[in-house]
Amino acid sequence: MTAAIEVSAVEKRFGNVSIIRDLNLSVAQGERHAIIGPNGAGKSTTFNLISGHIKPTSGEVRLNGDVISGLRPFEINRRGLSRSFQVTNVFARMSVWENVRCAVLWATGHRYAFWKNVDSLPEVRERTAQILDDIHLTHRRDVPAGLLTYAEQRELEIGITIASGATVVILDEPTAGMSHAETERAVALIRRLTEGKTLVIVEHDMSVVFGLADRISVLVYGHIIASGTPEEIRRDPKVKEAYLGEEAH
Ligand SMILES: Nc1ncnc2c1ncn2[C@@H]1O[C@H](COP(=O)(O)OP(=O)(O)OP(=O)(O)O)[C@@H](O)[C@H]1O
């Protein structure tokens, strides 16, 4: 079966500095894939290369078999890839309802319908209500997103990213800054909302990574040194040496 994401021999230089070197990554359809690696290894840069926020210096990225490197982020989004950012990225002054509705309008092709009364579109209203229910924020629907707790804002963003109809979802450190209990709730949410979709996640919390991922890739100095199941990664001596250290024993 064609891979959901295929990164082939990608290199990214900023000036003379090579940040990503001969990057090869294959994510199967329906797989939950985690990318781990030390600070500054190039994980966010890898996501930016996949989502079109930066272009590779050389090499190629494919989404469901089609070359997407060179396309702009919204074009890649239209082809079914949605991403969240490391920093929370919701519209602070808009209500929770409006934030979700915005993603739904985009996904349902009403993207420039600002002259219409969008709440009168039944499919938009129903889908928005469904997503709010999925992310357990119905009781907060009229609150400006900026007034939600930090964890709620991150959940809203996860909901918007996943629920916008994309089949391939990439999440950059979705549980960063959350307490243990909030992390557990967010992981359950991610697991539920990505059922049947392809997920690529960058995450520092190893309990999240090893609990959620079907496969893991380890990025060190802009190069993937190992890809495999959690068990293979746990046992891999290169990974132990380069990244996991004592945690892996
Ligand atoms: N636009 C840019 N111009 C120059 N250097 C950059 C640029 N973006 C990233 N870098 C550098 O690329 C390297 C990788 O950064 P990146 O943010 O991808 O790492 P990361 O693995 O996501 O780190 P962290 O775990 O700390 O979030 C860093 O050394 C960073 O300074």
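Calculation notes
- Residues numbered from 1 in each chain as written.
- Predicted model: local features only at pLDDT ≥ 70, side-chain atom pairs only at ≥ 80, totals over all residues.
- Heavy atoms only, no water.
- UniProt positions renumbered as here; feature names shortened; annotations may be inferred.
- Near = heavy atom within 4 Å.
- Polar contact = N/O pair within 3.5 Å; in protein donor to acceptor, adjacent residues only side chain to side chain.
- Areas by Shrake-Rupley, 256 points an atom, 1.4 Å probe, with all protein chains shown as cover.
- Helix = DSSP H or I, 4+ residues; strand = E, 2+ residues; numbered from the N terminus.
- Pairing = 2+ DSSP bridges.
- Salt bridge = Lys/Arg side-chain N within 4 Å of Asp/Glu carboxyl O.
- Buried < 20%, exposed > 50% of the residue type's maximum accessible area, 1.4 Å probe, protein only.

The chain is annotated in an unreviewed UniProt entry as Branched-chain amino acid transport system ATP-binding protein from Bradyrhizobium daqingense. Under the UniProt heading Function (unreviewed entry), the note attached to the chain is "Involved in beta-(1-->2)glucan export. Transmembrane domains (TMD) form a pore in the inner membrane and the ATP-binding domain (NBD) is responsible for energy generation."

## Looking at the site of the ligand
Looking at the ligand, there are 13 residues lining it, with Gly 40, Gly 42, Lys 43, Ser 44 and Thr 45 nearest. Separating an oxygen atom of the ligand from a side-chain N or O atom of Lys 43 is a distance of 2.7 Å. Ser 44 is positioned such that a nitrogen or oxygen atom in its backbone is 2.8 Å from an oxygen atom of the ligand. In isolation the ligand offers 640 Å² of accessible surface; the protein chains occlude 57% of this area. Element by element, the count of residues in the shell around the ligand is highest for helix H1 (residues 43-51), at three residues.

## Section: the pairing of strand S1 (residues 5-14)
Bridge analysis of S1 against strand S2 (residues 17-27) gives seven bridges, and the strand direction is antiparallel. Counted as the bridge partner of Phe 14 is Val 17 from S2. What sits between the antiparallel neighbours S1 and S2 is a turn of two residues, in which Gly 15 has the positive phi angle 65 degrees. Across five bridges, the pairing between S1 and strand S4 (residues 58-63) is antiparallel. The residue bridging Ile 5 from the neighbouring strand is Leu 63, located in S4.

## Considerations on the pattern of salt bridges
Enumeration according to the criterion identifies eleven salt bridges in this entry. Arg 72 is the partner of Glu 75 in a salt bridge, and the nearest nitrogen-oxygen pair spans 3.8 Å. The exposure class of Glu 75 is partly exposed, given its relative accessible area of 24%. The partly exposed category is assigned to Arg 72, whose relative accessible area is 46%. Here Arg 83 makes a salt bridge to Asp 172, at a shortest N to O gap of 3.8 Å. Taken as a pair, Arg 83 in strand S6 (residues 81-83) and Asp 172 in strand S7 (residues 168-172) lie far apart in primary sequence, 89 residues in all.

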